[in-house]
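# Working through the structure, step by step
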4 protein chains.
Amino acid sequence: MSTVGVAVVGYGYWGPNLVRNLVEARAARLHWVCDSQPERLEAASRRYPGVGVTTDLQDILKDSRVDAVCLATPTNTHFELARVTLESGRHVLVEKPLCESSAQASQLVELAHSKKLVLMVDHTFIYTPAVRYIRDVIQSGRLGRLLYFDSTRVNLGLFQSDVNVLWDLAVHDLAILDFLLPDYRPVSVSATGISHFPGRPHNMAYLTCFYKENFVTHIHANWLAPVKLRRTLICGEKQMIVYDDLEPSDRVKIYDKGVEVADALDLRVNYRSGDCLAPKLPTGEALQAEIEHFLECIQQGSRPASDGESGLRCLKLIESANRSMGLHGQPVDVF
Amino acid sequence: MSTVGVAVVGYGYWGPNLVRNLVEARAARLHWVCDSQPERLEAASRRYPGVGVTTDLQDILKDSRVDAVCLATPTNTHFELARVTLESGRHVLVEKPLCESSAQASQLVELAHSKKLVLMVDHTFIYTPAVRYIRDVIQSGRLGRLLYFDSTRVNLGLFQSDVNVLWDLAVHDLAILDFLLPDYRPVSVSATGISHFPGRPHNMAYLTCFYKENFVTHIHANWLAPVKLRRTLICGEKQMIVYDDLEPSDRVKIYDKGVEVADALDLRVNYRSGDCLAPKLPTGEALQAEIEHFLECIQQGSRPASDGESGLRCLKLIESANRSMGLHGQPVDVF
Amino acid sequence: MSTVGVAVVGYGYWGPNLVRNLVEARAARLHWVCDSQPERLEAASRRYPGVGVTTDLQDILKDSRVDAVCLATPTNTHFELARVTLESGRHVLVEKPLCESSAQASQLVELAHSKKLVLMVDHTFIYTPAVRYIRDVIQSGRLGRLLYFDSTRVNLGLFQSDVNVLWDLAVHDLAILDFLLPDYRPVSVSATGISHFPGRPHNMAYLTCFYKENFVTHIHANWLAPVKLRRTLICGEKQMIVYDDLEPSDRVKIYDKGVEVADALDLRVNYRSGDCLAPKLPTGEALQAEIEHFLECIQQGSRPASDGESGLRCLKLIESANRSMGLHGQPVDVF
Amino acid sequence: MSTVGVAVVGYGYWGPNLVRNLVEARAARLHWVCDSQPERLEAASRRYPGVGVTTDLQDILKDSRVDAVCLATPTNTHFELARVTLESGRHVLVEKPLCESSAQASQLVELAHSKKLVLMVDHTFIYTPAVRYIRDVIQSGRLGRLLYFDSTRVNLGLFQSDVNVLWDLAVHDLAILDFLLPDYRPVSVSATGISHFPGRPHNMAYLTCFYKENFVTHIHANWLAPVKLRRTLICGEKQMIVYDDLEPSDRVKIYDKGVEVADALDLRVNYRSGDCLAPKLPTGEALQAEIEHFLECIQQGSRPASDGESGLRCLKLIESANRSMGLHGQPVDVF
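Residues numbered from 1 in each chain as written. Chains lettered and ligands numbered in written order. Predicted model: local features only at pLDDT ≥ 70, side-chain atom pairs only at ≥ 80, totals over all residues. Heavy atoms only, no water.

### Looking at the overall build of chain A
The helix and strand inventory of chain A stands at nine helices and 17 strands. By the compact-globule yardstick of 20 Å for 335 residues, chain A fits well, its C-alpha radius of gyration being 21 Å. On the principal axes, the C-alpha backbone points of chain A span a range of 75 × 45 × 40 Å. By sequence separation, contacts in chain A at least 24 residues apart represent 64% of the contacts at least 6 residues apart. One finds the centroid of the 35 positive side-chain charges in chain A at a distance of 2 Å from the centroid of its 40 negative side-chain charges. (Helix = DSSP H or I, 4+ residues; strand = E, 2+ residues; numbered from the N terminus. Rg over C-alpha atoms; globule rule 2.2 N^0.38 Å. Contact = heavy atoms within 4.5 Å. Lys, Arg positive; Asp, Glu negative; His and termini not counted. Charge placed at Lys NZ, Arg CZ, Asp CG, Glu CD.)

Written out as structure tokens, the structure reads:
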């Protein structure tokens, strides 16, 4: 199978990680790094002398060796860059969030579909061994009836000036949810939040998603917490998972704990407490797995796990949440 | 100062702790233990042969040695037992929550006021060294402008059949808030939650309180979590507190971290990260401090830190939260 | 089966725990509490009005209702009190360490044997659910060939004036070892340690025990550590146990990890890394289980798990260790 | 100041880290990577196309652009490679341990001295922000009289076939000690340990160092532990440090705890317990700081913090420890 010619646009915070993994990937050949700042291109050149650098995307789109472009630029450039790149017939991997609105996202999804190109969103977490393992556990049915998903994603983070904390942090949890629970799609949301600095986007937010099933999800996203927390509870009637992404070992724990209605007459609810298992997870960088998946989808014409549609669903949820947040928690339907 | 003659009503889960501390308290003399179940009274007698036992509250109310009664009975009995006891001219300490409705609570508050009796609610946490210490830190102003209070109180807990998880768990956080932030009173709330078992009260809930200040509080209360968590973040612009009630040492940590608007023009928000201090807290059982406070208020005619009014304020919040929860998060004013 | 009449001598730090559990035990009836300090006896009387108090052991030994005596007095009184009590025909439970020398211990063991009385040492840890569970795991053979036992037992502790830290802390680990590994008996020891204050006993010590098997144990005991640690590693070729007595949950963890010689020719040693299991342990106070065991041994004439012989073996090890410590680690045989 | 021309010999586990940091260092220019395995050189070429590769050290020593050589080869090659390189007039940075014996180390130290070349050992830990911070605390005298240093460095590690666990793991602690406590030099050692596999080097070891001061150090090094631990206690009479290299935050904690002799007459020792401070440490990779230090020493003709003499002192300790270990803990003087 022929290697995929690739270019990376954006060499700021995340771009170097993409470049490093693309250079190592056997199925890819990196031809270009593009950035608007020459000193970044200089840094790229010093480390990877064989790769071309440019400040002009057109240099890349004119190069017939380029099959695919990875975008690691600011969110407000995603739509236009992805659109132009797809129009030119190249596959696209876009940093999350996919773009600034679900309307834009719909356009990109449609464009990729009509051109039969791969449009993939960089939802890195769904390529981690931990999330992969949890998906297998959920699919096995071991957890019993699913009860809730609760995630805390807080730290003292960089304030974004253009997007609020839901766009920046909660999008990770929404992508994980979208991947883990394909049969559960929120029908409405209630969100609360606050901006502590006038004229700035919300820096902390709480988001509840409601479902037609008797199931609920909640996400706490916060740029202003003294400690870094990345902890997710995924609970079923029979077993419960704690996924702590900051644990050096034992990142996933499965508790043989649950609840049961003991007596049909008095409806007494009892809980059951058993052993705890921390499975050994395979090692490996998520981004490497993600890039290999991207290349494979291109080569085989298959649909990525984090395709444009999943990006679009996440954006719709964030848009609904933002409306609810403006209304102090009033529930808003997910259209 | 004369000792206070005391009786305890209810010798189930919490009553034995009250009895143990009252027996040790120099300012008290325990005369009676009352419970409807004879085998519990037998257990009390075996351990404390000198204390009278009875299944009839009237035995206690007829005994002129009794100055005060501690109620550790189910919530739905609180109002009537407290009312009768106050009517008989005795001071009352009631297990939380104070009673089943704010209307009942108002009656008790008024009755205690007119009879000039102490009515105190057993909000144990506000008598812990940790919460006392945090109050001093807040009052010192070290935290700078207060930003938010966020508490997680979850575990695999006993399902209550009569009250939901807000009444059972969130009431602790509301009492702590009421104590720590006397100048901040919520004006509205948005709550979401779920009952996973038909016909049962909500077993998990998320509660956001809004204020007229640019400040927010959030509480996650949950009977169905695989791990026990008791963690509260109290964050200001200059310093931030993490209070983890399950930490054997270092229960309170003060982070010299914060945020500041760096530049008035571009409104850039920067964060600042410094040292972390875990103060040595005094040791001592909270319930002992609480009971000594109750006895002192009786002897000196002073107002308890957790008086009937604070209990009433908590109930009003829970009632508003329950209405919001029924409306999927729609905000509800606190009347 | 008739109840056992009991007395407790010593009502300082540990005595009240014995008394509380004896009062609750159905198989016992507590007749006396003895202590040299009248104010302690007063405290005992206030809490347990039905129990006799005395400063004179003879009052107890003259009382024919007394079948057994529990000693919770300073170590330097153990031998004489136990001797007199055994001579009088009563069963004895002695706080650890059994007495001040192995010579004394031998006398007590012989005396109990000739009088057919129960002599039991209060090695509380071997009655905990955690240690019981670990013994079952070891006996099952799951760990494979046993490799080592390593224990860290340190904290900022009360300096004892009469005994060093081996007598105070390491004795716990030696008792646990004696219980867990009945087939492994140390043949020699090497110990190092230090006294940081002239004229005071050693306040920190490191003890290595050698065996005729290719197995080793090590204990770090320390009164001068800033943090409290109670962690024991018990490792076999196939599986490894971490026992952390301070963990609120997951006190015992079994790692499916091990080592294997991959190739007989090059003797390469590979390691294997698998899941981790934290079993749910039964709840329950160790001292309660211990006291029930003591009463049962008296009633049935059986031998306690922590009998005088086990206490004697621990003392012999400590004596050898002390000699080695005086010789800066020079190995000393266990006679 | 002119840049330093550098070569790296050995591109296995550690070499790539050296190369990456040398490529980034402004004061260096990397000319060569040398390794005996061509496929490793291929990997180096792919990532750093501008750097020469060779399997022959002579290519490097003949190149007049090369001022310094970094050795990341197996321990048993260190002496000969370092000797030849120093003979050729190049500065040398050697992976730890410096070489296979103190006799060899003495030769290298002398050779570097006579040639006025920098000989530096890659004791990475002493270039970490944590160890630097601890040194400042110790030098400030805040800890009071120093009492002990205790380190646990265990994990399920790769068995080395040629050197035992003291050479592999304890050398880190010895280097840290050598750096932190320049005024304390061990006069004798007692070590115990075991090899669980016939014909293999010791895979676990306990090492006590004795001093002429009333101070003691202890190191537990172990390749066969189910959990990874990197925890060091450094305790003084007034304050105590816990350094846990695996803590993502709060890597260093200073406890305001200590002991004091309360009464000159009865020599009672009391402990004192106060606050705990976790300082914010600067970020930054230790290896980067180390390499900059190496380059600076070359440019300025100064002596490195981890010079050949420090490497020699560590080797002498290990050699004494190995003799003691063969004698089951018998103390051995450090010559």
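### Let's talk about the interface of chain B and chain A
Contact with chain B, which involves 53 residues of that partner, is made by 53 residues of chain A. Of the roughly 4500 Å² buried at the junction of chain B and chain A (both faces included), carbon and sulfur atoms supply 68%. The interface formed by chain B and chain A holds zero salt bridges in total. For the pair chain B and chain A, the interface holds 17 residue pairs in polar contact (both at pLDDT 80 or more). Elements with a minimum of two residues in the side of chain B that touches chain A: strand S7 (146-156), strand S8 (188-194), strand S9 (204-210), strand S10 (216-222), strand S11 (224-236), strand S12 (240-244), strand S14 (258-261) and strand S15 (269-272) of chain B. It is S11(B) that contributes the most residues to the side of chain B that touches chain A, eight residues altogether. Among the residues making up the side of chain B that touches chain A, the classes are represented as 30 nonpolar, 14 polar and nine charged. (Buried area = accessible area lost by both parts, 1.4 Å probe. Salt bridge = Lys/Arg side-chain N within 4 Å of Asp/Glu carboxyl O. Polar contact = N/O pair within 3.5 Å; in protein donor to acceptor, adjacent residues only side chain to side chain. Nonpolar A, V, L, I, M, F, W, Y, C, P; charged D, E, K, R; others polar.)

### Observations regarding the sheet that holds strand S3 (residues 52-54) of chain B
Residues and elements named next belong to chain B. Sheet architecture is open: six strands sit in the order S3-S2-S1-S4-S5-S6, paired in parallel fashion. The open sheet has two free edges, formed respectively by S3 and strand S6 (119-122), since each of these has just one partner strand. The sheet shows a mean angle of 20° between the axes of neighbouring strands, taken without regard to direction. Relative to strand S5 (residues 91-95), strand S4 (residues 68-71) is paired through four bridges, and the arrangement is parallel. Paired with valine 69 across the two strands is valine 92, which belongs to S5. (Pairing = 2+ DSSP bridges. Axes fitted to C-alpha atoms, helices over the stretch in contact; angles between N-to-C directions.)

### Description of the relation of the copies chain C and chain D
Overlaying chain C with chain D gives an RMSD of 0.0 Å, the required rotation being 180° about an axis along which the chain moves by 0.0 Å. Given the turn and translation reported, the copies of this chain are related as if by a two-fold rotation axis. Closest approach to the rotation axis among the C-alpha atoms of chain C is made by Gln330(C), whose C-alpha sits 2.0 Å away. Of the interface residues in chain C, 100% have counterparts in chain D that sit at the interface too, so the contact is made through matching surfaces. (Least-squares fit on C-alpha atoms with pLDDT ≥ 70 in both.)

### Structural notes on the state of the cysteines
Residues and elements named next belong to chain D. Across all of its chains, the model carries zero disulfides over all chains by this definition. Of all cysteine sulfurs, the one in cysteine 314 lies closest to cysteine 209, which takes part in no disulfide; the gap is 10 Å. Just so you know, cysteine 235 is unpaired, no disulfide at all, and the nearest cysteine sulfur is the one on cysteine 276, 12 Å from it. (Disulfide = S-S within 2.5 Å.)

### Details of the relation of the copies chain B and chain A
When chain B is fitted to chain A, the best match, at an RMSD of 0.1 Å, comes from turning it 180° and sliding it 0.0 Å along the axis. When the interface residues of chain B are mapped onto chain A, 100% of them again fall at the interface, so both copies present the same face.

### Observations regarding the pairing of S6(B)
Residues and elements named next belong to chain B. Covered by surrounding structure in S6 are Leu119 and Val121 together with Met120 and Asp122, the residues of both alternating faces. In this sheet, S6 lies alongside S5 in parallel orientation, the contact comprising four bridges. Pairing of valine 94 across the sheet is with valine 121, part of S6. Remark: the S5/helix H5 (residues 102-115)/S6 crossover connection has right-handed handedness. (Buried < 20%, exposed > 50% of the residue type's maximum accessible area, 1.4 Å probe, protein only. Right-handed = clockwise from strand over helix to strand, strands pointing away.)

### What about unusual backbone geometry?
Pro97(A) follows Lys96(A) through a cis peptide bond whose omega is -10°. One can find Pro97(A) in the loop between strand S5 (91-95) and helix H5 (102-115). Positive phi values are uncommon outside glycine, yet Lys116(A) reaches one of about 55°. Relative to the assigned elements, Lys116(A) resides in the loop between H5 and strand S6 (119-122). A positive phi angle, close to 55°, is found at Asp250(D), a residue other than glycine. For Asp250(D), the location among the structural elements is in the loop between strand S12 (240-244) and strand S13 (252-255). Owing to a relative accessible area of 14%, Asp250(D) belongs among the buried residues under this scheme.

### Describing the packing of helix H1 (residues 15-24) of chain C against helix H8 (residues 286-300) of chain C
Residue and element names in this part refer to chain C. Where H1 meets H8, the closest approach of the two axes is 10 Å, and the angle between their N-to-C directions is 65°. Remark: the crossing between H1 and H8 carries right-handed chirality. Only Leu287, Gln288 and Ile291 of H8 make contact with H1, whose side of the interface consists of Asn17, Leu18, Asn21 and Leu22. In terms of residue class, the contact of H1 with H8 is made up of four nonpolar, three polar and no charged. (Left-handed = near helix turned anticlockwise from the far one by under 90°.)

### Points about the interface of chain C and chain D
Taken residue by residue, the interface counts 53 residues in chain C and 53 residues in chain D. Taking both sides of the interface into account, the surface hidden between chain C and chain D amounts to around 4500 Å²; carbon and sulfur atoms contribute 68%. The largest share of the area that chain C buries against chain D comes from Leu156(C), Phe197(C) and Pro226(C), three residues that together contribute 14% of it. For the side of chain C that touches chain D, the secondary structure elements donating two or more residues are strand S7 (146-156), strand S8 (188-194), strand S9 (204-210), strand S10 (216-222), strand S11 (224-236), strand S12 (240-244), strand S14 (258-261) and strand S15 (269-272) of chain C. When residues of the side of chain C that touches chain D are assigned to their parent elements, the largest contribution, eight residues, is made by S11(C). Looking at the side of chain C that touches chain D residue by residue, the class counts come to 30 nonpolar, 14 polar and nine charged.

### Some remarks on the environment of Ser101(D)
Residues and elements named next belong to chain D. Of note, serine 101 is situated in the loop between strand S5 (91-95) and helix H5 (102-115). Sequence separation of serine 101 and cysteine 314 is 213 residues, and the distance between their C-alpha atoms is 10 Å. When sequence neighbours within four positions are dropped, the list of residues in contact with serine 101 reads Trp167, Leu315 and Glu319. A distance of 3.1 Å separates a polar side-chain atom of serine 101 from the backbone nitrogen of glutamine 104.

### Here we look at the sheet that holds S6(A)
Hydrogen bonds between backbone atoms are what pair the strands of a sheet, whose relative direction is either parallel or antiparallel. All names here are of chain A. Strand order across the open sheet formed by six strands is S3-S2-S1-S4-S5-S6, with parallel pairing between neighbours. On the outer flanks of this sheet lie strand S3 (52-54) and S6, each paired with one strand and no other. In this sheet, neighbouring strand axes are inclined to one another by 20° on average, regardless of whether the strands run parallel or antiparallel. As paired elements, strand S1 (residues 4-9) and strand S4 (residues 68-71) share four bridges and run parallel to each other. By the bridge assignment, valine 8 is partnered in S4 with cysteine 70.

### Here's the deal with the packing of aromatic side chains
If you walk through the whole model with that rule in mind, you get 16 aromatic pairs over all chains. Ring centres of Tyr184(A) and Tyr211(A) lie 6.2 Å apart, and the angle between their planes is 70°; on these two criteria the pair is classed as edge-to-face. Of this pair, Tyr184(A) sits in the loop between helix H7 (165-180) and strand S8 (188-194) while Tyr211(A) sits in the loop between strand S9 (204-210) and strand S10 (216-222); the two residues are 27 residues apart in sequence, bridging distant segments of the chain. Each member of the pair, Tyr184(A) as well as Tyr211(A), carries the same accessibility label: buried. Aromatic side chains Tyr211(B) and Phe215(B) sit 5.1 Å apart centroid to centroid with 75° between the ring planes, which places their arrangement in the edge-to-face category. (Phe/Tyr/Trp six-rings, centres within 6.5 Å; stacked < 30°, edge-to-face > 60°.)

### Topic: the domain arrangement of chain A
Residue and element names in this part refer to chain A. By the assigned domains, chain A splits into domain 1 (4-124) and domain 2 (126-285 + 316-333). Placing a centre on the C-alpha atoms of domain 1 and another on those of domain 2 gives a separation of 30 Å. Here domain 1 meets domain 2 over a buried area of about 1100 Å², counting both sides, of which 52% is carbon and sulfur. On the domain 1 side of the contact with domain 2, Lys96, His123 and Thr124 bury the most area, a combined 43% of that side's loss. (Domains from an automatic or database assignment.)

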